[in-house]
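Now for the letters of each chain:
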Amino acid sequence: MNEENKIVLTFGLFELNDTLATRDMNAVDLELTVVLADDAIEALSQEPTEEESVSIHVEQFNVEAVNSAFAQTIEGNLDVQLLLNHGPVLSAVVEVPTGKLFVSPPMELLTA
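Residues numbered from 1 in each chain as written. Predicted model: local features only at pLDDT ≥ 70, side-chain atom pairs only at ≥ 80, totals over all residues. Heavy atoms only, no water.

Draft legend 1. Summary view of the pairing of strand E5 (residues 79–85). With burial as the criterion, only one face of E5 is covered, namely that bearing Val-80, Leu-82 and Leu-84; the residues Asp-79, Gln-81, Leu-83 and Asn-85 on the opposite face remain uncovered. With five bridges connecting them, strand E3 (residues 53–57) and E5 associate as antiparallel partners. Across the sheet, Ile-56 pairs through a bridge with Leu-82, a residue of E5. Two strands pair when backbone bridges link them, and E5 and strand E6 (residues 89–95) are joined in this way by seven bridges, in the antiparallel orientation. Counted as the bridge partner of Asp-79 is Glu-95 from E6. The antiparallel pairing of E5 with E6 creates a hairpin that spans three residues between the two strands, and Gly-87 there sits at a positive phi of about 150°. (Buried < 20%, exposed > 50% of the residue type's maximum accessible area, 1.4 Å probe, protein only. Helix = DSSP H or I, 4+ residues; strand = E, 2+ residues; numbered from the N terminus. Pairing = 2+ DSSP bridges.)

Draft legend 2. The arrangement of the pattern of salt bridges in detail. If you walk through the whole model with that rule in mind, you get two salt bridges. Between Lys-100 and Glu-15 there is a salt bridge; the shortest N-O distance is 3.5 Å. One end of the pair, Lys-100, is in the loop between E6 and strand E7 (101–103); the other, Glu-15, is in strand E1 (residues 7–15), and 85 residues separate them in sequence. In this structure Lys-100 comes out as partly exposed when scored by relative accessible area, which is 35%. (Salt bridge = Lys/Arg side-chain N within 4 Å of Asp/Glu carboxyl O.)

Draft legend 3. Local environment of the nonpolar core. Counting 25 residues, the largest nonpolar core has Phe-11, Leu-13, Leu-32, Val-34, Leu-82 and Val-94 as the members making the most contacts within it. For this core, the secondary-structure elements that each account for two or more residues are E1, strand E2 (30–36), helix H1 (38–44), E3, E5 and E6. Of all the elements, E2 adds the most residues to this core, at four residues. In this view, Leu-32 contacts Leu-9, Thr-10, Phe-11, Leu-13, Phe-61, Asn-62, Val-63, Val-80, Ala-92 and Val-94; residues no more than four positions away in its chain are not counted. (Core = buried A, V, L, I, M, F, W, Y, C linked by side-chain atoms within 4.5 Å. Contact = heavy atoms within 4.5 Å.)

Structure (structure tokens):
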């Protein structure tokens, strides 16, 4: 990867469950840091329509348990994806080995 094209993003993640809508957005469960490869950076430049979303698989990442209750949850193979929706709006989804999903709040991207 070209060093000058390196983009690092950090997302606060919350367990996807029935309490998500009432959660304190400052009390995240996990923190995800991703290093985007050139192909992921290129995917972020797309502009999906309202009906579309672009899924970007992430290879280089680090997940930290901010809430210690989830420390063992993140052990093993994790599936990390970024979802780009119309707006453009970006969010992250992490699936842990137990099948639980963790999601980030959507983040609006600046466009030129």
